Amino acid sequence: MHEQVQRRAYAMWEADGRPEGQDQAYWFKAVSEIASEAAKTVKPPRKRTTRTAKASKVA
């Protein structure tokens, strides 16, 4: 993941004209972007349904 963040931060930095002194800002933007994309792939847990008691059979 480190390399993926590094590549994304560098690409954003280059696209913005390579401003000096903004390395952390681009790093955190890249982390946020990548985490957001990863979160979209996670399935939410299924809701558990409550079980109903089976009716006892009267013989």
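Residues numbered from 1 in each chain as written. Predicted model: local features only at pLDDT ≥ 70, side-chain atom pairs only at ≥ 80, totals over all residues. Heavy atoms only, no water.

1. Some thoughts on the nonpolar core
For step 1, the next point in the chain: Core analysis: the biggest nonpolar cluster contains six residues, these being Val-5, Ala-9, Met-12, Tyr-26, Ala-30 and Ile-34.
For step 2, the next point in the chain: The set of elements that each furnish at least two residues to this core consists of helix 1 (2–15) and helix 2 (23–40).
For step 3, the next point in the chain: Not counting residues within four places of it along the chain, the set of residues in contact with Met-12 comprises Tyr-26, Lys-29, Ala-30 and Glu-33. (Core = buried A, V, L, I, M, F, W, Y, C linked by side-chain atoms within 4.5 Å. Buried < 20%, exposed > 50% of the residue type's maximum accessible area, 1.4 Å probe, protein only. Helix = DSSP H or I, 4+ residues; strand = E, 2+ residues; numbered from the N terminus. Contact = heavy atoms within 4.5 Å.)

2. Re helix 1
For step 1, the next point in the chain: With 14 residues, helix 1 should reach 20 Å at 1.5 Å per residue; the first-to-last C-alpha distance of 20 Å fits that figure.
For step 2, the next point in the chain: Inspection of helix 1 places Val-5, Ala-9 and Met-12 among the buried residues, and these make up the whole buried set. The buried residues of helix 1 all sit within an arc of 65° when viewed along its axis, so they share a single face. In helix 1, the exposed positions angled more than 90 degrees off the buried face are occupied by Glu-3, Arg-7 and Ala-15.
For step 3, the next point in the chain: Along its buried surface, helix 1 packs onto helix 2.
For step 4, the next point in the chain: Directly after helix 1, the chain includes Gly-17, whose backbone phi takes a positive value near 90°. (Expected span 1.5 Å × (residues − 1). Arc of directions from axis to C-beta.)

3. Brief notes about helix 2
For step 1, the next point in the chain: Here helix 2 contains 18 residues, and its C-alpha end-to-end distance of 26 Å stays within 8% of the 26 Å for a straight helix at 1.5 Å per residue.
For step 2, the next point in the chain: Its buried side turned inward, helix 2 meets helix 1.

4. A closer look at the packing of helix 1 against helix 2
For step 1, the next point in the chain: Where helix 1 contacts helix 2, the axes come no closer than 8 Å and their chain directions differ by 120°. Of the possible angle classes, the one that applies to helix 1 and helix 2 is oblique. Relative to helix 2, helix 1 is oriented so that their crossing is right-handed. Between helix 1 and helix 2, the residues in contact are His-2, Gln-4, Val-5, Gln-6, Arg-8, Ala-9, Met-12 and Trp-13 and Tyr-26, Trp-27, Lys-29, Ala-30, Val-31, Glu-33 and Ile-34, respectively.
For step 2, the next point in the chain: For the contact of helix 1 with helix 2, the per-class residue count stands at nine nonpolar, three polar and three charged. (Axes fitted to C-alpha atoms, helices over the stretch in contact; angles between N-to-C directions. Parallel < 35°, antiparallel > 145°, perpendicular 65-115°, else oblique. Left-handed = near helix turned anticlockwise from the far one by under 90°. Nonpolar A, V, L, I, M, F, W, Y, C, P; charged D, E, K, R; others polar.)

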